[in-house]
There are 2 protein chains.
Amino acid sequence: MAKEPEDTIASRISRVLADRIVRGELSAGLRLRQDHIAEEFGTSHVPVREAFRRLEAQGLAISEPRRGVRVASFDLKEVREVAEMRAALEVLALRHAAKHLTPAILDAAEEATREGDAAADVHAWEEANRRFHTLILAPCNMSRLLASIDDLHAACARFLFSAWRSGWEKRTDHDHRAILLALRQGRADEAASILERHVQWIGRAPKSTQKGAVAPDAFAIVG
Amino acid sequence: MAKEPEDTIASRISRVLADRIVRGELSAGLRLRQDHIAEEFGTSHVPVREAFRRLEAQGLAISEPRRGVRVASFDLKEVREVAEMRAALEVLALRHAAKHLTPAILDAAEEATREGDAAADVHAWEEANRRFHTLILAPCNMSRLLASIDDLHAACARFLFSAWRSGWEKRTDHDHRAILLALRQGRADEAASILERHVQWIGRAPKSTQKGAVAPDAFAIVG
DNA sequence: CTTCTCCAAATTATAGATAATTTTTAATTC
DNA sequence: GAATTAAAAATTATCTATAATTTGGAGAAG
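Just so it is clear, the structure is predicted and the values come from calculations on it, not from any experiment.

Thoughts on the protein's contact with DNA strand C
Surrounding DNA strand C, one finds 20 residues, the nearest of these being A:His45, A:Arg49, B:Ile9, B:Ser44 and B:Arg67. Here DNA strand C approaches the protein such that, of its atoms within 4 Å, sugar and phosphate make up 71%. In the model, a phosphate oxygen of DNA strand C is placed 2.8 Å from a nitrogen or oxygen of the B:Ser44 main chain. Within the side chain of B:His45, one N or O atom sits 3.5 Å away from a base nitrogen of DNA strand C.

Here's the deal with the interface of chain A and chain B
The interface is formed by 31 residues belonging to chain A together with 31 residues belonging to chain B. For the pair chain A and chain B, the summed buried area comes to about 2500 Å², and 58% of that belongs to carbon and sulfur atoms. Between chain A and chain B we count 4 salt bridges in total. Where chain A packs against chain B, one counts 16 residue pairs in polar contact (both at pLDDT 80 or more). Elements supplying a minimum of two residues to the side of chain A that touches chain B: helix H3 (45-58), helix H4 (76-97) and helix H7 (143-163) of chain A. Looking at which element gives the most residues to the side of chain A that touches chain B, the answer is H4(A), with 9 residues. Residues of the side of chain A that touches chain B, tallied by class, amount to 12 nonpolar, 7 polar and 12 charged.

Observations concerning the protein's contact with DNA strand D
Near DNA strand D there are 19 residues, and of these A:Ile9, A:Ser44, A:Arg67, B:Gln34 and B:Arg49 occur at the shortest range. Within 4 Å of the protein, the atoms of DNA strand D are drawn from sugar and phosphate moieties in a proportion of 71%. The separation between a phosphate oxygen of DNA strand D and a polar main-chain atom of A:Ser44 is 2.5 Å. A distance of 2.6 Å is found between a phosphate oxygen of DNA strand D and a side-chain nitrogen or oxygen belonging to A:Arg67. When residues of the surface near DNA strand D are traced back to their parent elements, those giving at least two are H3 of chain A together with strand S1 (31-32) and helix H3 (45-58) of chain B. Tallying contributions element by element places H3(A) first for the surface near DNA strand D, with 3 residues. Grouping the amino acids of the surface near DNA strand D by side-chain chemistry returns 5 nonpolar, 8 polar and 6 charged.

Thoughts on the pattern of salt bridges
Residues and elements named next belong to chain B. Within this structure, the stated rule accounts for 32 salt bridges over all chains. Two residues, glutamate 56 and arginine 53, come together in a salt bridge whose shortest N-O distance is 3.3 Å. Remark: arginine 53 and glutamate 56 occur in helix H3; sequence separation between them is 3 residues, near one turn of the helix. For glutamate 56, a relative accessible area of 25% translates into the label partly exposed. One salt bridge connects arginine 184 with aspartate 107, and the closest N-O pair in it is separated by 3.2 Å. Taken together, the residues span a long stretch of sequence, with arginine 184 in helix H8 (residues 174-184) and aspartate 107 in helix H5 (residues 103-117) at a distance of 77 residues. Owing to a relative accessible area of 36%, arginine 184 belongs among the partly exposed residues under this scheme. On the accessibility criterion, aspartate 107 (41% relative accessible area) is partly exposed.

Side note on the packing of aromatic side chains
Under the definition given, this model contains 4 aromatic pairs over all chains. Ring geometry for A:Trp164 against A:Trp168: centres 4.9 Å apart, planes inclined by 55 degrees, an arrangement best described as tilted. Of the two residues, A:Trp164 and A:Trp168, both sit in the buried class. Consider the rings of B:Trp125 and B:Trp168, whose centres lie 5.9 Å apart with planes at 45 degrees: the pair is tilted. Taken together, the positions of B:Trp125 in helix H6 (residues 122-137) and B:Trp168 in the loop between helix H7 (143-163) and H8 put the pair 43 residues apart, joining distant regions of the chain. Residue class for B:Trp168 comes out buried when judged on its relative accessible area of 16%. In this structure, A:Arg197 packs its charged tip against the face of A:Trp201, placed 5.7 Å from the ring centre.

Some thoughts on helix H2 (residues 34-41) of chain B
In an α-helix, one turn spans 3.6 residues; hence positions three or four apart end up facing the same way. Residue and element names in this part refer to chain B. Of all the positions in H2, only Ile37, Ala38 and Phe41 are classed as buried. Here the buried residues of H2 occupy an arc of 100 degrees about the axis, which is enough to place them on one side. Buried-residue contacts for H2 involve helix H1 (9-23), S1 and H3. Two residues or fewer after H2 comes glycine 42, characterised by a positive phi angle close to 70 degrees.

Thoughts on the packing of helix H4 (residues 76-97) of chain B against H7(B)
Residues and elements named next belong to chain B. In contact at an axis separation of 9 Å, H4 and H7 are set at 145 degrees when each is read in the N-to-C sense. Where H4 crosses over H7, the two elements pack in a sense that is left-handed. Where H4 approaches H7, its residues Leu76, Val79, Val82, Met85, Arg86, Leu89, Glu90, Leu92 and Ala93 are matched on the opposing element by Leu145, Ser148, Ile149, Leu152, His153, Ala155, Cys156 and Phe159.

Rules of the game
- Residues numbered from 1 in each chain as written.
- Chains lettered and ligands numbered in written order.
- Predicted model: local features only at pLDDT ≥ 70, side-chain atom pairs only at ≥ 80, totals over all residues.
- Heavy atoms only, no water.
- Near = heavy atom within 4 Å.
- Polar contact = N/O pair within 3.5 Å; in protein donor to acceptor, adjacent residues only side chain to side chain.
- Contact = heavy atoms within 4.5 Å.
- Buried area = accessible area lost by both parts, 1.4 Å probe.
- Salt bridge = Lys/Arg side-chain N within 4 Å of Asp/Glu carboxyl O.
- Helix = DSSP H or I, 4+ residues; strand = E, 2+ residues; numbered from the N terminus.
- Nonpolar A, V, L, I, M, F, W, Y, C, P; charged D, E, K, R; others polar.
- Buried < 20%, exposed > 50% of the residue type's maximum accessible area, 1.4 Å probe, protein only.
- Phe/Tyr/Trp six-rings, centres within 6.5 Å; stacked < 30°, edge-to-face > 60°.
- Lys NZ or Arg CZ within 6 Å of the ring centre and 35° of its normal.
- Arc of directions from axis to C-beta.
- Axes fitted to C-alpha atoms, helices over the stretch in contact; angles between N-to-C directions.
- Left-handed = near helix turned anticlockwise from the far one by under 90°.

This is the structure in structure tokens:
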């Protein structure tokens, strides 16, 4: 019987709710009522409350004792904070991963970049983007670091999905390609600094390319 | 009636258990049986389970579905990982905090350093050490970043308490003083790089001062 | 007479206790 | 050593109490 990897109801609920929050289906400030959620999942409120604790730790929900749980708000200031944390930690991860990267991994990362460039919508792009970052960072073999990066990446994705209003237009990810090139040539430090800049851009106002000609999005949302 | 700040039983339990784990009273790998803990705190196991989720997120406990929760193990590799993460994030925090630091804050941090130097035991030293780091970083005003650093600091403290076997001998914290000096003189970048080196030392083998003459501790444990 | 405010009752939701069920682990027997 | 059974512990359900919010109404002010 194809059974999901997670066994407990609580973990399943937290995964589903996290996904909904990230995708923007549950908007910031919304109250998460344990009885309603319990009813939806056909369980009692006990595992729901455990799921809440995990969401709280991930920064996706905020709990006030005796007053309930709400979807965490996130303003631009928080997004920048998350982006800077992510940049700092991804640089660290890449520095350790670099020596373990194989051509096969870099090929897979390049393929992920291509898929991102060809993505039909923002969700497909984000999936490919996350795969790229995971591929080049996972070989650092530092599980706690990778888990932290994952949570931060989710927060970034939440911003991406919320900020993206207009239709998706194909784009070419030059940063990803520059990172891969540097890695292939053994210049890990350069790859790390491109990665740092790349991630830090999230939530920052893009350079006005020309006076009056502002990009369609008011803030850089990729990464 | 003097009531503790936290309202829920779960948060109280998680704080107490976290403290015990950090102080080494609960050793790595020990099973945390919810019924026993519930009995000790005079509650049911429901809030205990919620406390477990928080400990899990903090990296202090590990839960295997249907098999219970254990105190997280931590080998030297994990300590180094935590130290490097902490270094990366504290550098980020200090860069943002620097511009908001006041002479009053720096004076308080210097006082914390003095108290650390005069500490009678390792717990007093750690309390002062944590105060120093918190004082100079808190003005960055990035709550998520500070919360992450706090969790990482707890993991470092856990290593410190576990590694410290012999009696406590007074020491002078030159790094803290160098950081404060640089901050007072407005050289934030230099302060940050001293801080980075300072924290990264945790869990690393110290330079053998002389052949055969190894330091009393096999690894650097302060920070 | 209308409107605003303040207080109390009723409703709703959260937090926790107790109980039932399932799963894992240990033990004993073949 | 394998298999069956018994004990223990984890997960979840149901139930209760307590705290928070809302609603309704009385009284005062405009």
